[in-house]
Amino acid sequence: MPGSHNAIFLQPHIVQGVNGPITSPATPGCDRILTHVAPKLVESHEDDAFAGVANTISCLGLGSDGTLRSHGIFSEAGFVHAPKSLDWLPAATLTCTWTTAWNALFGLKDREAGPDLWVLVQGTGGVSMAALQLAVAVGASVIVTTSSDEKGARLKTLDATHVLNYQTHPETWGEDARALTPTPGGKGVDVVIDVGGNEILPESLAAVRVDGIVLVID
C-alpha cells in the first residue's frame, strides 16, 4: 500500500497488562524500532514533517494494534528517524518518552527551548527525565519538582537548576517555582511540562509567565 512500511520489530516478553492479562486480538505496545523498510512502498518527501492529528488519533496499542509482535505494517507518518550516531541495538532502547519530550520542547516553531528559557519539569517519570536532559543540553534553566529529597539529590547531578519538593508546599509549589525565575518578583517559567493534568494544572498556571506555554502530556 502506498504510504506504508513493512517492518520487523523487537519482541519483548510482556504478556501482563496493568489491568490483567493481555489477550487477543489486541496487540499492545507503542514504542517501535524499524529494522526493515520496503522502499518502493514509501512515499517520498523532501523533508520530515510532524504527523497531523489524523495520523495520531488512533494510538498504537489503544485504538490500533501496537508493536509487541514480530511483524507489523504501519503508516510512514508513525515513524521518526533513529539518530545517525546509533546503530540498531542502542536505537532500540529509545522509547517514545524521548520523542514526546523532544516535541514538547522543540515542536512549536519559534518557541523552541534554548539558553534564555526557563523550563518547569514535573516529577521524575520517563518524559520528565527526558525533558530535563534535553532542556539542559540546549542551555535552558530547569526547575524540577519531586516528592523526595533523595530524588532531588539525584536530579542535581543531572544539572537541574533548581529542585522543588512539592510535598513541602503541596498547594503553593507553582508560586514557589515562579519565585525562582528572574526578578522582579519572578516573571514565571517559559515552558511547563505538565504530566499531571487537571489535578495539578492550577499549579502549572501559577508557575508559567504571561504568554508562556503549558504542555499537558497525558
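Residues numbered from 1 in each chain as written. Predicted model: local features only at pLDDT ≥ 70, side-chain atom pairs only at ≥ 80, totals over all residues. Heavy atoms only, no water.

### Digging into the overall build of the protein chain
Then step 1. The secondary structure content of the protein chain amounts to seven helices and nine strands.
Then step 2. The proportion of buried residues among the 218 residues of the protein chain is 33%.
Then step 3. A separation threshold of at least 6 residues defines the contact pool for the protein chain, and within that pool the share at least 24 residues apart is 61%.
Then step 4. Accessible surface, the protein chain: about 13,400 Å² in total, of which carbon and sulfur atoms supply 57%. (Helix = DSSP H or I, 4+ residues; strand = E, 2+ residues; numbered from the N terminus. Buried < 20%, exposed > 50% of the residue type's maximum accessible area, 1.4 Å probe, protein only. Contact = heavy atoms within 4.5 Å. Areas by Shrake-Rupley, 256 points an atom, 1.4 Å probe, with all protein chains shown as cover.)

### A few points about the pairing of strand β5 (residues 118-122)
Then step 1. Along β5, five of the five residues are buried, which leaves the element largely enclosed by surrounding structure.
Then step 2. The side-chain alternation of β5 yields two buried faces, one formed by Trp118, Leu120 and Gln122 and the other by Val119 and Val121.
Then step 3. Relative to strand β6 (residues 141-146), β5 is paired through five bridges, and the arrangement is parallel. Following the sheet pairing, tryptophan 118 is matched in β6 by serine 141.
Then step 4. Tracing the backbone out of β5, into helix α4 (residues 126-137) and back to the parallel element β6 gives a crossover that is right-handed.
Then step 5. Relative to strand β8 (residues 189-194), β5 runs parallel, the two sharing three bridges. Across the sheet, the residue bridging to valine 119 is valine 191, located in β8. (Pairing = 2+ DSSP bridges. Right-handed = clockwise from strand over helix to strand, strands pointing away.)

### Things to note about the confidence of the model for the protein chain
Then step 1. Mean pLDDT over the protein chain: 76, with 69% of residues reaching 70 or higher.
Then step 2. Counting contacts from residues 32-44, a segment whose pLDDT is below 50, to residues more than four positions away or on other chains yields 36 contacts.
Then step 3. Every residue in residues 48-57 scores below 50 in pLDDT, and together they form six contacts with partners more than four places removed in sequence or on other chains. (pLDDT = per-residue confidence, 0-100.)

### Some words on the nonpolar core
Then step 1. The biggest cluster of nonpolar side chains holds 24 residues, and the ones touching the most others in it are Leu105, Val119, Val121, Leu132, Val144 and Ile193.
Then step 2. The element that contributes the greatest number of residues to this core is α4, accounting for seven residues.
Then step 3. Those residues within four positions of leucine 105 in sequence are excluded, and the remaining contacts are Arg111, Glu112, Ala113, Val119, Ala131, Leu134, Ala135 and Ile193.
Then step 4. The next biggest cluster of nonpolar side chains, apart from the first, holds 10 residues, and it includes Trp118, Leu120, Leu164 and Val192. (Core = buried A, V, L, I, M, F, W, Y, C linked by side-chain atoms within 4.5 Å.)

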